[in-house]
Amino acid sequence: MNPGTRTITVGIDGSRASLDAADWAAREAGRRRLPLRLLHASPRPHVPVRVPDVDVPAGRTRSPLDRAAIQLSYAHPALDIVARGAERPVVPALIEAAAASQTLVLGSRGHTDHTGVAGFPAGSVALAVAEGAERPVALVPAGELPADERVPVPAGASPSAAAYRPVVLGLDLARPADQLIGHAFDTAAVRGAPLHVVHAWTLLGPDGATSAVSSADASDEETARRHALTGALRPWRSRFPDTPVAEQVVHGRPGHHLLGACTGAGLLVVGRRAGERLGRAVRTLIHQVTCPVVVVPHG
């Protein structure tokens, strides 16, 4: 990995959604032992600050970036946090930041205006960034809490001691990219979480419509795809021997099956082929799932 990508970056606009995303990004940075970079796009100059030594000059009101940096420094005192502003349009600023990051994190709900860079309604700026970024982009729903990524614990027990919920990977066997599979395995490993890999398939006719298939043909096709999935994951299982992996091959549209698989999951990982837009299934999932979604570009 390029040393320049050894950071987690999160967009900040002052909305509740962007602050929830920032806290998720801080936890991710802590798990990976990486620095956290806060980014706020604004037409007005903003002086870079390093936390916790945030010095706001007399007479200047704290910006959303300042407030987020201070809040995160108290919540995550061991984390290396750097806050920076960008005097440029939102989408190019975020895409450029993603290129220099291991992961770019954005809130997927909230407000946006000409100064904001996070907390977007899914389907606008956040999707534009997820489609244009060269590195993984994590979209975090508003209201995401630390307890949401872990299994429930009995009353009185510490939530931080609970196990992490599963990581779900949606995999297209026609394009089983190493970048995508590797990111999912690595993400599960740093959490000590199980990985649930889902491959959904349909047979398409010459016109691109779903074709009817006999039960015998469906059985043969599913068996072949199960073998293909096992083969695609075999080297990654060897590389991550401590990560429990569940493989699921199902007939039908991927969006429907992944939505079901995400019930009780802590994170969904999906792919986007470099140079292409997000597929319809991925767009639907981003709008409907309640857990964070990581979009991983791949060749």
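Whatever comes next refers back to the structure up there.
Note that residues are indexed from 1 along each chain, following the sequence as it is written. Local features in this predicted model are restricted to residues whose pLDDT is 70 or higher, and side-chain atom pairs enter the listing and the counts only when it is 80 or higher, whereas totals over whole chains, interfaces and linings include all residues. As a rule here, side-chain values come from all non-hydrogen atoms in the structure, and water together with hydrogens is ignored.

### A short note on the packing of helix H3 (residues 90-99) against helix H4 (residues 125-132)
Only the stretch in contact is used when fitting a helix axis, every axis being a line fitted to C-alpha atoms; angles between N-to-C directions are given from 0 to 180 degrees. Think of it this way: any DSSP run of H or I at least four residues long counts as a helix, any run of E at least two long counts as a strand, and we number them from the N terminus. Across the interface, H3 lies against H4 with an axial gap of 9 Å and an inter-helix angle of 40 degrees. As the angle between them shows, H3 and H4 are arranged oblique. For the pair H3 and H4, the crossing hand works out as right-handed. Side by side, H3 and H4 meet where Val90, Val91, Leu94 and Ile95 of the first sit next to Val125, Ala128, Val129 and Gly132 of the second. Looking at the contact of H3 with H4 residue by residue, the class counts come to seven nonpolar, one polar and no charged. The cut-offs work like this: below 35 degrees is roughly parallel, past 145 is roughly antiparallel, 65 to 115 is roughly perpendicular, and the gaps in between are oblique. Should the near helix be turned counterclockwise from the far one by less than a right angle, the crossing is left-handed, whereas a clockwise turn marks it as right-handed. By the convention used here, residues are in contact when the closest approach between their heavy atoms is within 4.5 Å. Ten residue types, Ala, Val, Leu, Ile, Met, Phe, Trp, Tyr, Cys and Pro, are classed as nonpolar, four, Asp, Glu, Lys and Arg, as charged, and the remainder, Gly among them, as polar.

### So, the nonpolar core
We call a set of buried residues a nonpolar core when its members are Ala, Val, Leu, Ile, Met, Phe, Trp, Tyr or Cys and they connect through side-chain atoms within 4.5 Å of each other. In this scheme, a residue with accessible area under 20% of its type's maximum is buried, one over 50% is exposed, and one in between is partly exposed, where area comes from a 1.4 Å probe on protein chains only. In terms of nonpolar packing, the biggest core is built from 50 residues, with Val10, Leu36, Leu38, Val105, Leu171, Leu195 and Val269 touching the most fellow members. The element best represented in this core is helix H1 (residues 16-32), accounting for seven residues. Setting aside anything within four residues of it in sequence, one finds Leu36 in contact with Thr7, Ile8, Val10, Ala22, Ala25, Ala26, Ala29, Leu72, Leu79, Asp80, Ile81 and Val82. If you look at the next biggest cluster of nonpolar residues, it comprises 36 residues, including Val90, Ala97, Leu106 and Ala261.

These values are about where atoms sit, not about what they do.
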